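Each chain is listed here by its residues.
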Amino acid sequence: MTSRDAAATRQRILEQARRQFAQHGFTAVTVKGVADAAGVSPNLITRYFGGKDGLFLAATQVTIPVANSFDGDRSALGARLAASIVQRWFGAPGEDPLLVLQRASGERPEAAEALAAFLDANSLEPLYAYLRDSGLDEQEARNRAAAIDAFVLGVSTRRRVLRAELGETEPAALETWLSRTIQRLADG
């Protein structure tokens, strides 16, 4: 197998793992099930990832491109964040590593810790810094960032983990609702 084939195989395994972990949670997913879905031998998962725990860790490497949301005036923050959120939720819903971590956080303490640390570093702290730099005092910036973070996480959990609708189901309508609500929280 060439290194190119190995990279493609590894990527195929990760895609299947993300999909399965996102849909079924950590406990229900098996190495054999992921291997079968990826069209590979379970031995390859052990070889590439060391087993189910290693596969889970690789499948939950998350990035959120928040920097783009913080370019611009605070008066349009809600619109920028909402566009980014809705794109993530509807872009590849079965393969989002953030969704995998959200679902697994109830089953695995290390997933909950990883999710909390990730959200602090990649959502809450950059949002706080942005709001502070936009002219709010430290405490007000912290309070508003915490409110936005809690709101988005709550809506995400409700829609994506509990699979319950919150009124708006179409992406455009959901984006408008999120935009307005986030903006109200940002404006205080």
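What you are looking at is a predicted structure, and each value in this text was computed from that prediction instead of being measured. (Residues numbered from 1 in each chain as written. Predicted model: local features only at pLDDT ≥ 70, side-chain atom pairs only at ≥ 80, totals over all residues. Heavy atoms only, no water.)

Chemist: Lay out the overall build of the protein with the relevant residues and their values.
Modeler: From N to C terminus, the protein includes nine helices and zero strands. Scanning the protein from its N terminus toward the C terminus, one meets helices and strands in the order α-α-α-α-α-α-α-α-α. Counting across all 188 residues of the protein, residues that qualify as buried make up 42%. Taking all contacts inside the protein whose residues are at least 6 apart in sequence as the whole, residues at least 24 apart take part in 65%. Summing over all exposed atoms, the protein offers an accessible surface of approximately 9,500 Å²; the carbon and sulfur share of this is 52%. (Helix = DSSP H or I, 4+ residues; strand = E, 2+ residues; numbered from the N terminus. Buried < 20%, exposed > 50% of the residue type's maximum accessible area, 1.4 Å probe, protein only. Contact = heavy atoms within 4.5 Å. Areas by Shrake-Rupley, 256 points an atom, 1.4 Å probe, with all protein chains shown as cover.)

Chemist: Describe in detail the side chain of S179, supporting the description with residues and values.
Modeler: Note on placement: S179 falls in helix α9 (residues 171-187). For S179, a relative accessible area of 17% gives the class buried. With residues near it in sequence (within four places) discarded, S179 still touches G78, A79 and A82.

Chemist: I'd love a proper account of the packing of helix α5 (residues 77-91) against helix α7 (residues 109-133), names of residues and values included.
Modeler: α7 packs onto α5 with a crossing angle of 160° between their chain directions and a minimal axis gap of 13 Å. Taken together, the axes of α5 and α7 are roughly antiparallel relative to one another. With respect to the hand of their crossing, α5 and α7 are arranged in right-handed fashion. Touching L77, R80 and L81 of α5 are L127, Y130 and L131, all from α7. Taken together, the residues of the contact of α5 with α7 sort by class into five nonpolar, no polar and one charged. (Axes fitted to C-alpha atoms, helices over the stretch in contact; angles between N-to-C directions. Parallel < 35°, antiparallel > 145°, perpendicular 65-115°, else oblique. Left-handed = near helix turned anticlockwise from the far one by under 90°. Nonpolar A, V, L, I, M, F, W, Y, C, P; charged D, E, K, R; others polar.)

Chemist: How would you summarise the packing of aromatic side chains if you had to cite specific residues and measurements?
Modeler: Counted according to the given criterion, the structure contains six aromatic pairs. With a centroid separation of 5.2 Å and an interplanar angle of 25°, the aromatic rings of F70 and Y130 are classed as stacked. Within this pair, whereas F70 is found in the loop between α4 (52-59) and α5, its partner Y130 is found in helix α7, the two being separated by 60 residues in sequence. Y130 matches F70 in its accessibility class, with the two residues each being buried. Through a chain of ring-to-ring contacts, the aromatic side chains of F21, F26 and F56 assemble into a single cluster. (Phe/Tyr/Trp six-rings, centres within 6.5 Å; stacked < 30°, edge-to-face > 60°.)

Chemist: Describe the nonpolar core, listing the residues and the values that go with them.
Modeler: Core analysis: the biggest nonpolar cluster contains 29 residues, and I13, F21, V34, I45, F49, L55 and F56 have the highest contact counts within it. Listing elements by their share of this core, those giving two or more residues are α1 (3-28), α2 (31-38), α3 (42-49), α4, α6 (97-104) and α7. The greatest single-element share of this core, amounting to six residues, is contributed by α1. Look past the residues within four positions of F21 in its chain and what remains in contact with it is F26, V29, K52, L55, F56, A59, V100 and R103. By size, the runner-up hydrophobic cluster in this structure holds 23 residues, among which are A82, L124, A145 and V155. (Core = buried A, V, L, I, M, F, W, Y, C linked by side-chain atoms within 4.5 Å.)

Chemist: Quick one: what's the story with the pattern of salt bridges, residue by residue and with numbers?
Modeler: Applying the stated criterion across every chain, the model contains four salt bridges. A salt bridge links R132 to D133; the nearest nitrogen and oxygen atoms lie 3.2 Å apart. Overall, D133 belongs to the exposed group, its relative accessible area being 57%. Across the salt bridge formed by E140 and R144, the nearest N and O atoms sit 2.9 Å from each other. Here E140 and its partner R144 are both found in helix α8 (residues 138-161), four residues apart, which amounts to about one turn of the helix. The partly exposed category is assigned to E140, whose relative accessible area is 29%. With a relative accessible area of 12%, R144 lands in the buried category. (Salt bridge = Lys/Arg side-chain N within 4 Å of Asp/Glu carboxyl O.)

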